[in-house]
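# A look at the structure
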Amino acid sequence: MSNEVREESYFHVFLKARRKTMKISLRELCDGICVISTVQRMETAEIIPEKLVRNRVIARLGISAEKYEDYLPPEEYERWMLRQDILKWIGRKELQKAEVLLETYGEGVEERKTVEKQFILAMQFMILQMKNAPIPELRSVIEKAIKETITMEEDMDFEDLVLADQELNLLIEYVALNGDELTEEVVSWRLQNYEKIISYIENSCMDNLGKVKIYPKVVYYWMKLNCSYYEKCSLEIPKEVVERGLELCEKAIELLRDTMKLFYFVELLELRKFFCCEKLKYATSEEADEVNEQIKTTDMW
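Not measured: the values here are computed from a predicted model. (Residues numbered from 1 in each chain as written. Predicted model: local features only at pLDDT ≥ 70, side-chain atom pairs only at ≥ 80, totals over all residues. Heavy atoms only, no water.)

## What to know about the overall build of the protein
Selection rule: Numbering goes from the N terminus for both helices and strands, where a helix is a DSSP run of H or I of at least four residues and a strand is a run of E of at least two. Throughout, the radius of gyration refers to the C-alpha atoms, and the reference size of a globule is 2.2 Å times the residue count to the power 0.38. Working definition: with a 1.4 Å probe on protein chains only, accessible area under 20% of the residue-type maximum means buried, over 50% means exposed, and in between means partly exposed. The contact definition used throughout considers only heavy atoms, calling two residues in contact when any of these lie within 4.5 Å. Accessible surface is estimated by sampling points in the Shrake-Rupley manner with a 1.4 Å probe; for residues, cover comes only from the protein chains shown.
Broken down by element type, the protein carries 15 helices and 0 strands. On C-alpha atoms alone, the protein measures out to a radius of gyration of 21 Å, which is about the 19 Å that the 2.2 N^0.38 rule sets for 301 residues. Along the first, second and third principal axes, the C-alpha set of the protein runs to 70 × 45 × 40 Å. In the protein, which comprises 301 residues, the proportion classed as buried is 46%. Excluding contacts between residues fewer than 6 apart, the proportion of contacts in the protein whose partners are at least 24 apart in sequence is 65%. Accessible surface, the protein as shown: approximately 16600 Å² in total, 50% of it carbon and sulfur.

Take a look at the structure:
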């Protein structure tokens, strides 16, 4: 058997074995991204779908696409390069160049290609964010992006769904855009749903390379929201909120260390120091020594 055949066989065997091990049904895995027959044919090595669908399928199985090399046909390679260029120009804040490429990329995208349409909407959202677009406009785009691949019977009713890190990232942004004012009701709703996302990530089969893309982000959003709300109300942050914030922050920083990534690392360090200072307000003398050591360590970073 040639190396090429062995590689193809390995992928379809791995795909089916992983799905069975995770006890994920074909319906759960395919929901919103492709028809069931697509994955059935992937598992029998009959087809290899386009890269975006393939990556989303394995991401829903908890495996980061970065771990695998793909050999793409010329046409698909061109579209992959176009996606990389769009991300590059957005990263450099060259928004006009990104918009031109995004328009080119969107030409001829078929209605059924929900993952590609979601990518386009996600890029539009990032560009609008950088342009400081109005909240209603941002909310409209993120809602459309979510609906491309996520079917929820009720608002934020996602806990029983099988989702990839890209989809959870959209949900994080959706939660952050709920409500125009930081009222008690709005803050309570956001925090409740951030906690749901945090719990989902912690209990998922997602590997650390997938988790690190979104866990530090949702923890940062959780901590920042609490800071903003209590500052707005001219209130001290309650002890239980401080303790929860430090707990989440430590988990996020540890994940960043383990994966050698820097997503929201500086922001989390700043918030950790702030929450440590808040803890000093009620800490015992013994606890204060430990907290001061944490502050010292944070400053060293």
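Next comes the rest of the description.
## Points about the environment of Ile 214
Tracing the chain through its elements places Ile 214 in the loop between helix 11 (208-211) and helix 12 (215-232). Taking relative accessible area as the criterion, Ile 214 reaches 1% and is therefore assigned buried. Taking the C-alpha atoms as reference points, Ile 214 and Tyr 264, separated by 50 residues in sequence, lie 9.7 Å from one another. Beyond its immediate stretch of four places on either side in the chain, Ile 214 contacts Asp 165, Leu 168, Asn 169, Ile 172, Ile 201 and Met 206.

## Observations concerning the nonpolar core
Put simply, the rule is: Throughout this description, the term nonpolar core refers to a set of buried Ala, Val, Leu, Ile, Met, Phe, Trp, Tyr and Cys residues connected via side-chain atoms within 4.5 Å.
Core analysis: the largest hydrophobic core is formed by 92 residues, its most contacted members being Leu 168, Leu 171, Tyr 194, Ile 197, Trp 222 and Leu 268. For this core, the element with the highest residue contribution is helix 12, accounting for 11 residues. Non-local contacts of Leu 171, meaning those with residues more than four positions away in its chain, are made with Ile 146, Ile 150, Met 152, Met 156, Phe 158, Leu 163 and Ile 197.

## Digging into the pattern of salt bridges
This is how the line gets drawn: A side-chain nitrogen of Lys or Arg and a carboxyl oxygen of Asp or Glu constitute a salt bridge if their distance falls within 4 Å.
Under the definition given, this model contains 19 salt bridges. Two residues, Glu 173 and Lys 217, come together in a salt bridge whose shortest N-O distance is 2.6 Å. One end of the pair, Glu 173, is in helix 9 (residues 165-176); the other, Lys 217, is in helix 12, with 44 residues separating them in the sequence. Owing to a relative accessible area of 8%, Lys 217 belongs among the buried residues under this scheme. Among the charged side chains, a salt-bridge network with shared partners connects Glu 195, Glu 202, Arg 244, Glu 247 and Lys 251.

## A word on the packing of aromatic side chains
Applicable threshold: Two aromatic rings, drawn from Phe, Tyr or Trp (for Trp, its six-membered ring), form a pair once their centres lie within 6.5 Å of each other, and the interplanar angle then sorts them: stacked below 30 degrees, edge-to-face above 60, tilted otherwise.
Inspection of the entire model under this criterion finds 10 aromatic pairs. A centroid spacing of 6.3 Å and a plane angle of 75 degrees characterise the contact between Tyr 174 and Trp 189, whose relative ring orientation is edge-to-face. Separated by 15 residues along the polypeptide, Tyr 174 in helix 9 and Trp 189 in helix 10 (residues 184-203) bring together distant segments of the chain. Since its relative accessible area comes to 12%, Tyr 174 is described here as buried. Members of the aromatic cluster, joined through ring pairs, are Tyr 194, Tyr 220, Tyr 221 and Tyr 264.

## A short note on the confidence of the model for the protein
To keep it simple, the criterion reads: For every residue, the pLDDT score states the predictor's confidence, bounded by 0 at the bottom and 100 at the top.
Mean pLDDT for the protein: 91, with 96% of residues reaching 70 or above. Note that pLDDT drops below 50 for residues 1-9; the model gives that stretch 1 contact with residues more than four away or on any other chain.

## Details of the environment of Ile 237
Tracing the backbone shows Ile 237 in the loop between helix 12 and helix 13 (239-259). Residues Ile 237 and Lys 279 lie 42 residues apart in sequence; the distance between their C-alpha atoms is 9.2 Å. Non-local contacts of Ile 237, meaning those with residues more than four positions away in its chain, are made with Cys 227, Tyr 230, Val 242, Phe 274, Phe 275 and Glu 278.

## Here's the deal with the state of the cysteines
Rules: We call a pair of cysteine sulfur atoms a disulfide whenever their separation is within 2.5 Å.
Following the criterion strictly, the structure yields 0 disulfides and no others. Here Cys 249 is not cross-linked by a disulfide; its sulfur's nearest cysteine counterpart is in Cys 276, at 8.1 Å. Judged by its relative accessible area of 0%, Cys 249 falls in the buried class.

## Considering a negative patch on the surface
Spelled out, the test is: Excluding any residue in a salt bridge, patches collect residues exceeding 30% relative accessible area, merging like charges within 9 Å and nonpolar Val, Leu, Ile, Met, Phe, Trp and Tyr side chains within 5 Å. By the counting rule applied here, Lys and Arg register as positive and Asp and Glu as negative, while His and the ends of each chain are not counted. For charged residues, the charge sits on one atom: NZ in Lys, CZ in Arg, CG in Asp, CD in Glu.
Residues Glu 153, Glu 154, Asp 155, Asp 157 and Asp 160 make up a contiguous surface patch of negative charge. Look at Asp 160 and you get exposed, because its relative accessible area is 69%.

## Points about helix 14 (residues 265-279)
Note the threshold: For a helix, the expected span equals 1.5 Å multiplied by the residue count minus one.
In a regular helix each residue adds 1.5 Å, so 15 residues correspond to 21 Å; helix 14 covers 21 Å between its end C-alpha atoms and thus fits that length. Among all positions of helix 14, only Phe 265, Leu 268, Leu 269, Leu 271, Arg 272, Phe 275, Cys 276, Glu 278 and Lys 279 are buried.

## Looking at the packing of helix 9 against helix 12
The condition that has to hold: Only the stretch in contact is used when a helix axis is fitted, and all axes are lines through C-alpha atoms; the angle between N-to-C directions ranges over 0 to 180 degrees. Should an angle lie under 35 degrees it is considered roughly parallel, over 145 roughly antiparallel, and from 65 to 115 roughly perpendicular; all remaining angles are considered oblique. The residue classification treats Ala, Val, Leu, Ile, Met, Phe, Trp, Tyr, Cys and Pro as nonpolar and Asp, Glu, Lys and Arg as charged. All others, Gly included, are polar.
For the pair helix 9 and helix 12, interaxial distance at closest approach is 10 Å and the crossing angle is 10 degrees. Judged by the inter-axis angle, helix 9 sits roughly parallel to helix 12. Every residue of helix 12 that contacts helix 9 at Asn 169, Ile 172, Glu 173 and Ala 176 is listed here: Lys 217, Val 218 and Tyr 221. Among the residues forming the contact of helix 9 with helix 12, the class breakdown is 4 nonpolar, 1 polar and 2 charged.

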